[in-house]
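# Coordinate analysis (summary)
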Amino acid sequence: MQKNTELMQLQTSVIRQINLAEEQKRRYWSLKQGYIGESEVAQWLEKYADDSWHVLSDYWFNYKSTMQADFLLIKENHWLVIEVKNFDGTFEYRNHECYINAHLMENNFMNAMATKVRRLTRIANEVSENIKVTGAMIFINEHCQVKLDYEFDYEIIQRNQFRNFLKKQTEFLAQPLLPAYLNRIQKVLNRYSIENPFQPTGLPIEDFATIHKGVTCPACHRFDVEITLRKVTCRHCHFKEAKSETILRSARQLRYLFFDNSEIVTTENVYQFMGASAASRSLIRDILGKNFKKVGKTNKTYYEIEI
Ligand SMILES: [Zn+2]
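Treat the numbers as computed from the prediction; the structure is a model and nothing was measured.

### Details of the sheet that holds strand β4 (residues 89-94)
Across the sheet, four strands lie side by side as β6-β5-β4-β8; this open sheet has mixed pairing. Where the open sheet ends on each side, the last strands, each with one partner, are β6 (103-104) and β8 (144-148). Here strand β5 (residues 97-100) runs beside β6; their pairing, made up of two bridges, is antiparallel. For Tyr-99, the partnering residue across the bridge sits in β6 and is Leu-104.

Here you go:
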């Protein structure tokens, strides 16, 4: 599972000890929980879903309105839409409202799921009228209880039921999709596909002067590292990293932090960001040049990092 850019930006801010507003902290927590849940579901799919499913993840689309499917599993005549919730506590659906631990939730995602399945059915029917689209809402957290006073026309699956649910979908001798057919499906999906509309806001460029400079450990994220000619070793967890990797990682951190400023990754900025003594300017220039596209000339040169 690839982390989305907003989560990466918030996570980088936390690692680099940048103060987040309360709302950003909540957003980070919720994106992180979502990511953990989806990663877990991805692993289970890998393990228990039969090989004939073609699995897409994080499909953003616009069909009358903007929607996203955590997973879309595709077989010849069946599409399965999977939505993952990683809630810790009691989730209740009553009187057409969602509650988590007795607090009313803003987003009625249970209702939205029904709409999502209907709209994906319309999309699937552009490929073939014979495709059936079903949905499954997975409550993946082991500490989640689910109480519903309404019956939805998609499945509600709790963690201990998920493996059996996947096994039930297994078809004897099912074949993977033929490439030409898959191509046809992909074309239809692309027609409605959109970029994730939640893009992060970067730090203002003035903040570069005051942010914490130095190198973080890739494992425990502490700034307490020992730097030698070719290696960076964490004094706390003893994780070792090649210095070239540290340079690339620091450059990516810089890019995420100043998300709105695509020209932020210059040799000088990475040099300062890493604490001005972690690596020489010439080594940084060399490593960035080998890994990223160089844009501009002389003192305006920056490196393009696609994220
Ligand atoms: Zn460490």
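Text resumes after the structure shown.
### Overview of helix α1 (residues 5-15)
Among the eleven residues that make up α1, nine are buried, leaving the element largely enclosed by the rest of the structure. Three or more residues of α1 are buried, namely Thr-5, Glu-6, Leu-7, Gln-9, Leu-10, Gln-11, Thr-12, Ser-13 and Ile-15. Packing partners of the buried residues in α1 comprise α2 (22-48) and α6 (243-257). A distance of 3.2 Å separates the backbone nitrogen of Glu-6 from a side-chain oxygen at the start of α1, and that oxygen is part of Asn-4. Backbone geometry just after α1 places Gln-17 at a positive phi near 55 degrees.

### Comments concerning the pairing of strand β11 (residues 231-234)
Bridge analysis of strand β10 (residues 225-227) against β11 gives three bridges, and the strand direction is antiparallel. Bridge pairing in β11 places Ile-227 opposite Val-232. The turn joining β10 and β11, which pair antiparallel and follow one another in sequence, is formed by three residues. In terms of strand pairing, β11 meets strand β12 (residues 240-242) through three bridges, oriented antiparallel. By the bridge assignment for β12, Lys-231 is matched with Ala-242. Hairpin geometry of β11 and β12 is characterised by an intervening segment of five residues between the two adjacent antiparallel strands and by a positive phi of about 65 degrees at His-238.

### Digging into the coordination of the zinc ion
Distances from the zinc ion to its protein donors, Cys-217 (SG), Cys-220 (SG), Cys-234 (SG) and Cys-237 (SG), fall within 2.3 Å. One way to put it: the four donor atoms around the zinc ion meet at angles of 104 to 119 degrees, and that makes the site tetrahedral.

### A short note on the UniProt feature "domain: NERD" (unreviewed entry) in the chain
As annotated in UniProt, the feature "domain: NERD" (unreviewed entry) corresponds to residues 33-146 in the numbering used here. Across residues 33-146 one finds 31% helix and 45% strand; the C-alpha atoms that close the span lie 18 Å apart.

Criteria and thresholds
Residues numbered from 1 in each chain as written. Predicted model: local features only at pLDDT ≥ 70, side-chain atom pairs only at ≥ 80, totals over all residues. Heavy atoms only, no water. Pairing = 2+ DSSP bridges. Helix = DSSP H or I, 4+ residues; strand = E, 2+ residues; numbered from the N terminus. Buried < 20%, exposed > 50% of the residue type's maximum accessible area, 1.4 Å probe, protein only. Contact = heavy atoms within 4.5 Å. Polar contact = N/O pair within 3.5 Å; in protein donor to acceptor, adjacent residues only side chain to side chain. Donors = N, O, S within 2.8 Å, 3.2 Å for Na, K, Ca; no water. Tetrahedral: all angles 85-135°; square planar, octahedral: opposite > 155°, others 65-115°. UniProt positions renumbered as here; feature names shortened; annotations may be inferred.

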